[in-house]
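Tertiary structure, described
Residue-level listing of the chains:
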Amino acid sequence: MNERLNVVVLLLVGDQAEIVADAPDAETPERYPATEIAEAVGLPARALPGCRLTAEVGAGHRLTGWQLR
C-alpha cells in the first residue's frame, strides 16, 4: 500500500498546478497537470489554488490518487 500525504495547491502556472506538502518543513513545490488533479477531485482547474488534498506517494515519489481533504 502506498503512503498518503497531505498537500496544498499553491497556484496555477499555465496548465500546471504547483503542489507543496502540507508540512512546516516543506519548501519546494512540484508541478503536476492541473487537469489531472481537477478531474480526480471533481473541480474545475481554476478552483484548485488553495485546495487541501491528499495524494498517494508512488514510485519515484510521484504523486497520484488525488482526493479532497
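Below or above, wherever it landed, is the structure these notes cover. Not measured: the values here are computed from a predicted model. (Residues numbered from 1 in each chain as written. Predicted model: local features only at pLDDT ≥ 70, side-chain atom pairs only at ≥ 80, totals over all residues. Heavy atoms only, no water.)

Right, let's get into the pattern of salt bridges. For the coordinates displayed, the defined rule picks out four salt bridges. Note that Glu56 is salt-bridged to Arg4, the shortest N-O span being 3.4 Å. One end of the pair, Glu56, is in strand 4 (residues 52-57); the other, Arg4, is in strand 1 (residues 3-13), and 52 residues separate them in sequence. Its relative accessible area of 29% is what places Glu56 among the partly exposed residues. When its relative accessible area of 33% is taken as the criterion, Arg4 is described as partly exposed. Through salt bridges with shared partners, a single ionic network connects Asp22, Arg52 and Arg69. (Salt bridge = Lys/Arg side-chain N within 4 Å of Asp/Glu carboxyl O. Helix = DSSP H or I, 4+ residues; strand = E, 2+ residues; numbered from the N terminus. Buried < 20%, exposed > 50% of the residue type's maximum accessible area, 1.4 Å probe, protein only.)

A volume near 160 Å³ is recorded for the largest pocket. Residue lining of the largest pocket: Leu5, Val7, Ile19, Val20, Ala21, Ala26, Thr28, Glu30, Tyr32, Val57, His61 and Leu63, and that is the complete set. The set of elements that each furnish at least two residues to the lining of the largest pocket consists of strand 1, strand 2 (16-21) and strand 3 (30-33). A total of three residues in the lining of the largest pocket trace back to one element, the largest contributor, which is strand 2. Partitioned by chemical class, the residues of the lining of the largest pocket number nine nonpolar, two polar and one charged. (1 Å grid on protein atoms, 1.4 Å probe; cavity = no way out; pocket = protein on both sides within 12 Å on 5 of 7 lines; lining within 4 Å. Points joined across faces, edges and corners; volume = space filled by probe spheres on them. Nonpolar A, V, L, I, M, F, W, Y, C, P; charged D, E, K, R; others polar.)

Interpretation note: all reported values are geometric properties and have no functional meaning in isolation.
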